[in-house]
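Chain by chain, the residues run as shown.
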Amino acid sequence: MHIRTASLADAAALAAVEAACFPPAEAATAAEITDRLAYYADHFWLLEEDDGTLVSFVDGMVTDRTDLTDDLYADAALHDAHGAWQMIFGVNTLPDYRRHGYAGQLIERAIADARAQGRRGLVLTCKDRLVHYYAKFGFV
């Protein structure tokens, strides 16, 4: 397994993983993912098998806002490469690959990259049942 950032060429694979991980009402569409990639592909962290199969990814824009609001999900142009906060829109792992620590590896990489880039922190939202999981990484 290896971690890398994304490119526009990854849009279809990312959309397929997103669709497998979230209900239709919550999943980003293929068009939304393509738009996000156009603005901040380097803020998509992908975990792939050695053969290139995408198994997990974490993504989100950068902004000076301290809160993750719905409009940030909807408008990739709000990304500010010099912003203080790394937003996390999604943590996605294909069902057959869950419970192996893959999402955790990507979260740790996103945290390390945010630190290296001088960000003030990372922001995400999650279901109540996942609060304890994200707390392991320092989220409150």
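Residues numbered from 1 in each chain as written. Predicted model: local features only at pLDDT ≥ 70, side-chain atom pairs only at ≥ 80, totals over all residues. Heavy atoms only, no water.

### Here we look at the layout of surface pockets
Argument step 1. Approximately 1100 Å³ is the volume found for the largest pocket.
Argument step 2. Lining the largest pocket we find 38 residues, and of these Phe22, Val91, Asn92, Leu130 and Tyr134 sit closest to its centre.
Argument step 3. Mapped by element, the contributors of at least two residues to the lining of the largest pocket are α1 (11–21), α2 (30–40), α3 (70–74), β6 (90–93), α4 (102–116) and α5 (131–135).
Argument step 4. Sort the elements by how many residues they give to the lining of the largest pocket and β6 lands first, with four residues.
Argument step 5. Here the residues of the lining of the largest pocket sort into 20 nonpolar, eight polar and 10 charged.
Argument step 6. Here the second largest pocket is characterised by a volume of approximately 290 Å³.
Argument step 7. In this structure, the second largest pocket is lined by 13 residues; those nearest its centre are Leu122, Leu124, Gly138, Phe139 and Val140.
Argument step 8. At the level of secondary structure, the elements contributing two or more residues to the lining of the second largest pocket comprise β7 (121–124) and α5. (1 Å grid on protein atoms, 1.4 Å probe; cavity = no way out; pocket = protein on both sides within 12 Å on 5 of 7 lines; lining within 4 Å. Points joined across faces, edges and corners; volume = space filled by probe spheres on them. Helix = DSSP H or I, 4+ residues; strand = E, 2+ residues; numbered from the N terminus. Nonpolar A, V, L, I, M, F, W, Y, C, P; charged D, E, K, R; others polar.)

### Brief notes about the confidence of the model for the protein
Argument step 1. Mean pLDDT for the protein: 94, with 100% of residues reaching 70 or above.
Argument step 2. Within the protein, no element has a lower average pLDDT than α5, which sits at 89, and none a higher one than strand β2 (residues 44–48), at 98. (pLDDT = per-residue confidence, 0-100.)

### Some remarks on the packing of aromatic side chains
Argument step 1. Tallied over the entire structure, the rule returns eight aromatic pairs.
Argument step 2. When the ring of tyrosine 40 is compared with that of phenylalanine 89, the centres are 6.4 Å apart and the planes differ by 80°; the resulting orientation is edge-to-face. Of the two residues, tyrosine 40 is situated in helix α2 and phenylalanine 89 in the loop between β5 (85–88) and β6; the sequence distance between them amounts to 49 residues. (Phe/Tyr/Trp six-rings, centres within 6.5 Å; stacked < 30°, edge-to-face > 60°.)

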